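Report on the structure
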Amino acid sequence: MRDARFSARLTHGVIAAVCIAAAVPLLAQQADSARRALTADDYARAERFMGYNTNPHVFRAAVRPTWLAGDDARSTDDRFWYRVAVPGGGEFVLVDPARATREPAFDHARLAAALSTAAAASYTATSLPFADFELTADGRSIEVTAAKRRWRCDRAGASCTSIPAGTESQDARFSGGGPTPASRNQVASPDGARVAFVKDHNLWVRDARKGQDTQLTTDGIKDFAYATDDAGWVRSDRPIVVWSPDSKRIATFRHDSRGVGEMYFVNTTVGHPTLTAIKYPLPGDDKIFMIERVVIDVEQKKVTKLDLPIDPHRSTLCDHIVCGGTWADVQWSEDSREVAFVSTSRDHKREDLRVADAATGKVRNVLAERAETFFESGQGRVNWRYLPKTKEVLWFSRKDDYGHLYLHDAGSGLQKNRITSGDGNVTQVLRVDETGRVIYFQGVGKEKGQDPYFRNLYAIGFDGRRQALLTPDDGDHTVDLAPTGRYFVDTYSKPDTAPVSVLRDIAGKVVLELERGDISQLVSSGWNAPLPFTVKARDGHTDLYGLMFRPTNFDPSRKYPIINNIYPGPQTGSVGGRSFSAARGDTQAIAELGFIVVQIDGMGTPWRSRTFHEAYYADMGDNTLPDQVAAMKELGARYPWIDLDRAGIYGHSGGGYATAGAMFRYPDFFKVGVSQAGNHDNRVYEDDWAEKWQGLLVKKPDGTSNYDDQANQNHAKNLKGKLLIAHGTMDTNVPYYSTLLVVDELIKHNKDFDLILFPNRGHGFGGEPYMVRRRWDYFVKHLLGVEPPPNYTMRGPQAARPATP
């Protein structure tokens, strides 16, 4: 359901699947000319536009700085390094903002030769066997891992020597300083002295140097354990904790799943299968996950329960309490004496900001906000901040239709003043300078004449004055601030324009151009950029934005079927990010087979006004479909080469849900659909998601509920076109029972359809070669009206070659 959940790395080779198909006569099509069959060469040409073939031909496009200061805001070192793609591999660059210099991080050719000799291997300047390095404190050498050993090489490349285990430089800066990284299932303390981990339902710490383990809690039990990372749809063995700045305390919780309902999965195997049961609360369940908040004194092994009732397992940002890899709504005071947090109601309509005394567990309420539909505190990160030095709170709210910042008194909770205003949203607060009383934030929709989805960086005073745009170039800006707050790296691009990366000072002045993306090799291969477009929404006046993909041999005298690649949100949209990308799924590849493919962000998706985002609240079956149809019809009227009589649609997860809904709710418009891993009835999906967007489940005296209309199976009887449904049988994110409910109704109503079940697959099968090929085949046969090449095998990465006429 979330776009980050569904991305799947393409593998090479066909993966078997169980296919249950019901054969039906071919739909009547308006073919462009006489029928013909596509060949394997046609598919191979299309495959050249898959990401694994386009991305290797983009160079110098991304600067992801590794700051040598790590997370130390007190550091005076603003230097950073980055690795950038170049023909043949990559190169490392070291930047010194104070000197405004950019230079190779080391002598690549000489170091490659020295390391080749030392490791008895063969490396080149652009194919070094490491992706990061540690810079020693004196700046003369680097430490790297290659050939399963640790090496120290001088930057001039004169020599590389093996480092015996346990003697690595203690002052080397691994990926930007800070403690040596903990393992995946551990969380390191700020001083690096300890790591926290879960064992036998309890929280433990390990001394990072001595290796000694200490048990902090003793009363954790199954289903009521400490620091448990489990949201039902996703789980891990990594503890959910937030260390205090002084590394002496841990904020965490006991995860109460006692009495919560289970979901069951059975694998496919020879012999007896294995039954797997997981806790998985559903909308309307009496019992859902709850968290009992605690603070643990690590030295004393003392557990202090916070003085408040147990909280629902909710956050202000996502459908987990972990958002973006961190416990989203918990912040320590700098002196480690207080911990601030937000309690979210089960229905996401009430937020309570509270502050607890870490020593006593006493809790005081600071402020509360009630939303009519749902509350969100930002996009990608929470935007509230507890500022105990000045006894203030920075609060984010969409109470006046756009997401803005407000300053509150931390004692009374009363609003002191609003900070941001006007059209457009604050999306992410990146830095708060309490001393200078300046806030640095990313925002969208604030610059007239720009795409409202383009991100920019701004600075503004606590008093709401002196707002300044720090990224004036037209485009979508990805920024990375230095820990010191003195500089930032700014990479900007558009869907049809290659990235440019510059170093700016904190006032926005360009210090140094770092990289200018090179897509010449990509273009020479025949690649075309997508076409951005604007259309009107269902209401006839709201602007919608999208991307169009056309065949590289586009002929405006022809008629092309149109296919909609949909993701309805509500937490993101079909287009996704507006930065440059050499491939957006298989949109261009499908277009290459003879289609027009579009992605359209409809009403009900984020980044615009609150009203826009709430467009289909409590009506999830809407799925932006009225906007998709209106937009496609407008495009059809605008461009005579679009054939609206041959309209198709496809999507994965939420997009799979929307695809089936489109085929059932607009059966005379959409002729062909491919629905993958859809959450077709949100009563069979996780509670947090559904109860936020559809509301709490309400059962009426007549047996109906407010969830009935959103269920795709209740509309399956309307199917007229060709529908391919696919799901993984071990999908613990969106259990495939949701798909079987639709299948059951289609059978009851004697409807022809096609079904692929992927045995033992989870949620991310959409990129598997077999699914990709079957998706292409389905549209080629039933929408284009020609035969696909039989049993085409996806070829995977192909060597770059000039475009064929």
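Placed above this text is the structure.
Presented here is a report on the structure given in the accompanying data block.

About the cut-offs
- Residues numbered from 1 in each chain as written.
- Predicted model: local features only at pLDDT ≥ 70, side-chain atom pairs only at ≥ 80, totals over all residues.
- Heavy atoms only, no water.
- Helix = DSSP H or I, 4+ residues; strand = E, 2+ residues; numbered from the N terminus.
- Buried < 20%, exposed > 50% of the residue type's maximum accessible area, 1.4 Å probe, protein only.
- Contact = heavy atoms within 4.5 Å.
- Lys, Arg positive; Asp, Glu negative; His and termini not counted.
- Charge placed at Lys NZ, Arg CZ, Asp CG, Glu CD.
- Polar contact = N/O pair within 3.5 Å; in protein donor to acceptor, adjacent residues only side chain to side chain.
- Pairing = 2+ DSSP bridges.
- Right-handed = clockwise from strand over helix to strand, strands pointing away.
- Expected span 1.5 Å × (residues − 1).
- Arc of directions from axis to C-beta.
- Core = buried A, V, L, I, M, F, W, Y, C linked by side-chain atoms within 4.5 Å.
- Disulfide = S-S within 2.5 Å.
- Phe/Tyr/Trp six-rings, centres within 6.5 Å; stacked < 30°, edge-to-face > 60°.
- Lys NZ or Arg CZ within 6 Å of the ring centre and 35° of its normal.
- Axes fitted to C-alpha atoms, helices over the stretch in contact; angles between N-to-C directions.
- Salt bridge = Lys/Arg side-chain N within 4 Å of Asp/Glu carboxyl O.
- Parallel < 35°, antiparallel > 145°, perpendicular 65-115°, else oblique.
- Left-handed = near helix turned anticlockwise from the far one by under 90°.
- Nonpolar A, V, L, I, M, F, W, Y, C, P; charged D, E, K, R; others polar.

**So, the overall build of the chain**
Across its full length, the chain holds 12 helices and 50 strands. For the chain, with 805 residues in total, the buried portion stands at 58%. If you take every contact in the chain between residues at least 6 apart in sequence, the share linking residues at least 24 apart comes to 62%. Placing the 100 positive and 101 negative side-chain charges of the chain at their respective mean positions leaves the two points 1 Å apart.

**Description of the environment of Ser247**
Relative to the helices and strands, Ser247 resides in the loop between strand 18 (242–243) and strand 19 (249–256). On the basis of relative accessibility, which here comes to 3%, the residue Ser247 falls in the buried class. Once the C-alpha coordinates of Ser247 and Asp297 are considered, the two residues, 50 residues apart in sequence, prove to be 9.6 Å apart. A polar contact is formed between the side chain of Ser247 and the backbone nitrogen of Asp191, at a distance of 3.1 Å.

**Side note on the pairing of strand 48 (residues 670–676)**
Judged by how many residues are buried, strand 48 sits mostly within the fold: six of seven residues are covered. Across six bridges, strand 47 (residues 642–652) lies against strand 48 in parallel orientation. Note that in strand 48 the partner of Gly648 across the bridge is Val672. Between strand 47 and its parallel partner strand 48, the chain crosses via helix 9 (residues 654–665), and the hand of that crossover is right-handed. The sheet contact formed by strand 48 and strand 49 (residues 722–728) spans five bridges and is parallel. Across the sheet, Val674 pairs through a bridge with Leu724, a residue of strand 49. Crossover connection from strand 48 via helix 10 (residues 687–693) to parallel strand 49: handedness right-handed.

**Overview of helix 11 (residues 737–748)**
In this model helix 11 runs 16 Å from its N-terminal to its C-terminal C-alpha over 12 residues, within 8% of the 16 Å that 1.5 Å per residue would give. Every buried residue of helix 11 is accounted for by Ser738, Thr739, Val742, Val743, Glu745 and Leu746. What you see down the axis of helix 11 is that its buried residues fit within an arc of 165 degrees, all on one side. More than 90 degrees from the buried face of helix 11, the exposed residues found are Ile747 and Lys748. Where helix 11 is buried, its residues contact helix 9, strand 49 and strand 50 (754–758).

**Section: the nonpolar core**
When a protein is soluble and globular, its nonpolar side chains tend to lie buried together. Judged by nonpolar contacts, the single largest core of 42 residues is most densely connected at Met548, Ile596, Val598, Phe664, Phe670 and Leu746. Every residue in contact with Met548, bar those within four places of it in the chain, is listed here: Pro530, Leu531, Phe533, Ile596, Val597, Val598, Leu635, Tyr639, Trp641 and Ile642.

**Describing the state of the cysteines**
Linking two cysteines covalently through their sulfur atoms gives a disulfide. All told, the structure shown has two disulfides when counted by the stated rule. The partner cysteine of Cys153 in its disulfide is Cys160, sulfur to sulfur 2.1 Å. Given an S-S torsion of about 115 degrees, the disulfide between Cys153 and Cys160 has right-handed geometry. Given a relative accessible area of 0%, Cys153 falls into the buried group. What connects to what in the chain, once the bonded cysteines are numbered by sequence position, is 1-2, 3-4.

**Here we look at the packing of aromatic side chains**
One pass over the structure, following the stated rule, counts 31 aromatic pairs. Between the aromatic rings of Phe375 and Trp395, the centroid separation amounts to 5.8 Å while the plane-to-plane angle is 25 degrees, which identifies the pairing as stacked. Taken together, the residues Phe375 in the loop between strand 30 (363–370) and strand 31 (385–387) and Trp395 in strand 32 (residues 392–397) connect sequence positions 20 residues apart. Across this residue pair, the class does not change: Phe375 and Trp395 are buried. Taking the centre distance of 5.6 Å and the plane angle of 65 degrees together, the rings of Trp527 and Phe580 count as edge-to-face. Linking Trp527 in the loop between helix 5 (520–524) and strand 43 (531–536) with Phe580 in the loop between strand 45 (560–565) and helix 6 (587–592), this pair joins segments that are 53 residues apart in sequence. Each member of the pair, Trp527 together with Phe580, is buried. By the ring-pair criterion, three or more aromatic residues cluster together here, those being Trp81, Phe92, Phe106, Phe130 and Phe133. Between the NZ or CZ atom of Arg258 and the centre of the ring of Phe224, over which it lies, the distance is 4.0 Å.

**Here we look at the sheet that holds strand 42 (residues 510–516)**
Across the sheet, four strands lie side by side as 39-40-41-42; this open sheet has antiparallel pairing. Whereas interior strands pair on both sides, the edge strands pair on one side only; in this sheet they are strand 39 (476–481) and strand 42. Averaged over all pairs of adjacent strands, the angle between strand axes in this sheet comes to 20 degrees, irrespective of strand direction. Across five bridges, the pairing between strand 41 (residues 497–505) and strand 42 is antiparallel. Among the inter-strand pairings, Val502 is bridged to a residue of strand 42, identified as Glu513.

**Observations concerning the pattern of salt bridges**
Scanning all chains against the criterion turns up 52 salt bridges. Across the salt bridge formed by Arg235 and Asp230, the nearest N and O atoms sit 3.7 Å from each other. Two residues, Arg258 and Asp256, come together in a salt bridge whose shortest N-O distance is 2.9 Å. Under the relative-accessibility criterion, Arg258 is labelled partly exposed at 42%. For Asp256, a relative accessible area of 13% corresponds to the buried category. What emerges from the salt-bridge pattern is a single network uniting Arg314, Arg346, Asp687, Asp688 and Glu691.

**Remarks on the sheet that holds strand 31**
As a general point, the strands of a sheet are linked pairwise by backbone hydrogen bonds and lie either parallel or antiparallel. Read across the open sheet, the four strands follow the order 31-32-33-34; overall the sheet is antiparallel. Looking at strand neighbours, the two that pair on one side only are strand 31 and strand 34 (415–418), the edges of this open sheet. In this sheet, adjacent strand axes meet at a mean angle of 25 degrees when their direction is disregarded. Bridging between strand 31 and strand 32 involves three bridges; their strand directions are antiparallel.

**Some remarks on the side chain of Ser244**
The residue Ser244 is located in the loop between strand 18 and strand 19 in this model. A polar contact is formed between the side chain of Ser244 and the side chain of Asp246, at a distance of 2.6 Å. A polar atom in the side chain of Ser244 sits 3.3 Å from the backbone nitrogen of Lys248.

**Points about the packing of helix 2 (residues 40–47) against helix 12 (residues 769–784)**
In the contact formed by helix 2 and helix 12, the axes pass within 12 Å of each other and the chain directions differ by 120 degrees. Here helix 2 lies oblique to helix 12, going by the angle between them. Helix-helix and strand crossings are classified by hand; for helix 2 and helix 12 the assignment is right-handed. Of the residues in helix 12, those touching helix 2 at Tyr43, Ala46 and Glu47 are Arg773, Trp776, Asp777 and Val780. Residues belonging to the contact of helix 2 with helix 12 are distributed by class as follows: four nonpolar, no polar and three charged.

**Side note on the pairing of strand 43**
Looking at chain direction, strand 43 and strand 44 (residues 543–549) are connected through six bridges and run antiparallel. Of the residues in strand 44, the one forming a bridge with Pro532 is Leu547. Linking two consecutive strands that pair antiparallel, namely strand 43 and strand 44, is a turn of six residues; a positive phi of about 85 degrees is found at Gly540 within it.

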